[in-house]
Amino acid sequence: MSIYTYWIIGVFFISAVCGFIFIPIILNFCKAKQLYDLPNARKIHHNAVPRLGGISFMPSMFIAFAIALSAINITDKLITINIWSLYFLISILLIYVMGIIDDVLGLSPVIKFAVQIVAACFLPLSGLYINNLYGFMGINEIPFIVGFPLTVLVIVFIDNAINLIDGIDGLAASLSIIALGGFLYMFYTQAVWSYAILIAGLIGVLVAFLYFNLFGDAKKNRKIFMGDSGSLTLGFILGFLCVKYSMDNPAVITEHKFDFFMAFTLLIVPMFDVVRVFMIRLYHGTSPFKADKRHIHHKFIRAGFTQHQALAWIIVLAVAYITANHFMLESMSNTATFIVDVAVYIALNLALNGVIKRKEASHVSSF
């Protein structure tokens, strides 16, 4: 293995250790300040749970990243300090701070949406934007005037998709780990070591978070949610990685035959879910931004699954999509693969609807 492989592994463990150190500190702080996510009719949990777990993400990731960069010989292929890096740092800090403020004080959806748009605009302004769809829907090269708003739309869309699917224990973190693992592999195979190392750091702290989120005892003050500071930060980073990997820039990414579509496949479950939920809300005449219990994890629970069972099935679905698309793209266009993906998702939801109707009918008849 190369020296970078060892540091990718090392950064993962350093960040995980940071997470196990920071999260108990955050839990004690939340308890002292009474900063809890309280249960209500829309939420699934039944106990008051601290919601600032996402605060640990950025420090853990960057501490591990900084240690790695200071301990290895930096080459041109490892990291390039350019305007992309600077603008990304500014934009992600803006999202991170906004998330913390929202978790502590609360912000209106309009303000959060506006900050997301401003943060996303930094990337195309730095020259990083979607400039090619590689034949998807018959579209190839895209001019900047189209790529700019498309990039902002994609990043804000992915950011909110991760935020909105954060509805049961472990779901947003698990889907993010799957996506980050895919990006880690793709950047690793392209020898873009700086991104591979940074991603490994984020995966490490997410593993620590999952331990407290899935297995922590709320009564002992050892359970925590990531909050908007976590889900919005994760979503923005994942959106950035999608754009970074998708941009046609041979100096950085040399092969896009399958990888462009695969980059978005890594996030296909949360993206499909938010589109379906928004369409249903519009169909019923409600605001697409009004919170409800129509997400895919809610459907699994209504179908009779526990939270952990719903989590497991959604993880299986995400992995199945990634695996299937990888093989389909060897013989099918990305457009045809997308159509198959949509058809499968519709079929899955129709099947879940059938199970829910039978379960609810059986429940009514029992009375």
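In case you missed it, the structure is sitting above this.
A quick note: this is a predicted structure, and the numbers were derived from the prediction, not measured.

Undergrad: Hey, could you run me through the overall build of the chain in this one?
TA: Within the chain one finds 13 helices and four strands. In terms of C-alpha radius of gyration, the chain reaches 20 Å, essentially the compact-globule figure of 21 Å for 367 residues. Its C-alpha atoms give the chain principal-axis dimensions of about 70 × 55 × 40 Å. In the chain, which comprises 367 residues, the share counted as buried stands at 53%. For the chain, contacts bridging at least 24 residues in sequence account for 73% of all contacts bridging at least 6. Counting only carbon and sulfur atoms, one obtains 70% of the accessible surface of the chain, whose full area is about 16600 Å². Distance between charge centroids for the chain: 13 Å, based on 23 positive and 18 negative side chains.

Undergrad: Please clarify how unusual backbone geometry should be interpreted in this entry.
TA: Excluding glycine, a negative phi dihedral is what most residues carry, and trans is how most peptide bonds are arranged. Positioned with a positive phi, Tyr134 is a non-glycine residue whose angle comes to about 55°. Here Tyr134 shows up in strand S3 (residues 132-136). Even without a glycine there, the phi angle at Ala191 is positive, about 60°. Ala191 gets classed as partly exposed once you look at its relative accessible area, which sits at 21%.

Undergrad: It is not clear to me how the packing of helix H6 (residues 171-189) against helix H7 (residues 193-215) should be interpreted in this structure. Could you clarify?
TA: One can describe the packing of H6 onto H7 by two numbers: an axis separation of 9 Å at closest approach and a directional angle of 160°. Judged by the angle between their axes, H6 and H7 are roughly antiparallel. Once H6 is placed against H7, the crossing between them reads as left-handed. Residue-level contacts link Ala173, Ser174, Ser176, Ile177, Leu180, Gly181, Phe183, Leu184, Phe187 and Tyr188 of H6 to Trp193, Tyr195, Ala196, Ile199, Leu202, Ile203, Leu206, Val207, Phe209 and Leu210 of H7.

Undergrad: How should I be thinking about helix H8 (residues 227-246) in this particular structure?
TA: Structural remark: α-helix, 3.6 residues per turn; residues separated by three or four positions point the same way. Taking 1.5 Å of rise per residue, the 20 residues of H8 would be expected to cover 28 Å, and the 28 Å separating its terminal C-alpha atoms lies within 8% of that figure. The buried fraction of H8 is high, at 20 of 20 residues.

Undergrad: Even after reading the chapter, I still don't get the packing of helix H5 (residues 144-164) against helix H10 (residues 268-283), so can you show me in this structure?
TA: Packed helices, taken two at a time, are described by the angle their axes make and the gap between the axes. It is at 9 Å that the axes of H5 and H10 come closest, and there the two elements cross at 85°. It follows from the interaxial angle that H5 and H10 lie roughly perpendicular. Listed contacts from H10 to Phe157, Ile158, Ala161, Ile162 and Leu164 of H5 are Pro270, Met271, Val274, Val275 and Phe278. Taken together, the residues of the contact of H5 with H10 break down into 10 nonpolar, no polar and no charged.

Undergrad: Just checking my understanding: could you explain the state of the cysteines for this structure?
TA: Chemically, a disulfide is nothing more than a covalent bond linking the sulfur atoms of two cysteines. Tallying each qualifying case throughout the model produces zero disulfides. Between Cys18, a free cysteine, and Cys30, which holds the nearest cysteine sulfur, the sulfur-to-sulfur gap is 18 Å. On the basis of relative accessible area, Cys18 is assigned to the buried category, the value being 10%.

Reading the values: the criteria
Residues numbered from 1 in each chain as written. Predicted model: local features only at pLDDT ≥ 70, side-chain atom pairs only at ≥ 80, totals over all residues. Heavy atoms only, no water. Helix = DSSP H or I, 4+ residues; strand = E, 2+ residues; numbered from the N terminus. Rg over C-alpha atoms; globule rule 2.2 N^0.38 Å. Buried < 20%, exposed > 50% of the residue type's maximum accessible area, 1.4 Å probe, protein only. Contact = heavy atoms within 4.5 Å. Areas by Shrake-Rupley, 256 points an atom, 1.4 Å probe, with all protein chains shown as cover. Lys, Arg positive; Asp, Glu negative; His and termini not counted. Charge placed at Lys NZ, Arg CZ, Asp CG, Glu CD. Axes fitted to C-alpha atoms, helices over the stretch in contact; angles between N-to-C directions. Parallel < 35°, antiparallel > 145°, perpendicular 65-115°, else oblique. Left-handed = near helix turned anticlockwise from the far one by under 90°. Expected span 1.5 Å × (residues − 1). Nonpolar A, V, L, I, M, F, W, Y, C, P; charged D, E, K, R; others polar. Disulfide = S-S within 2.5 Å.

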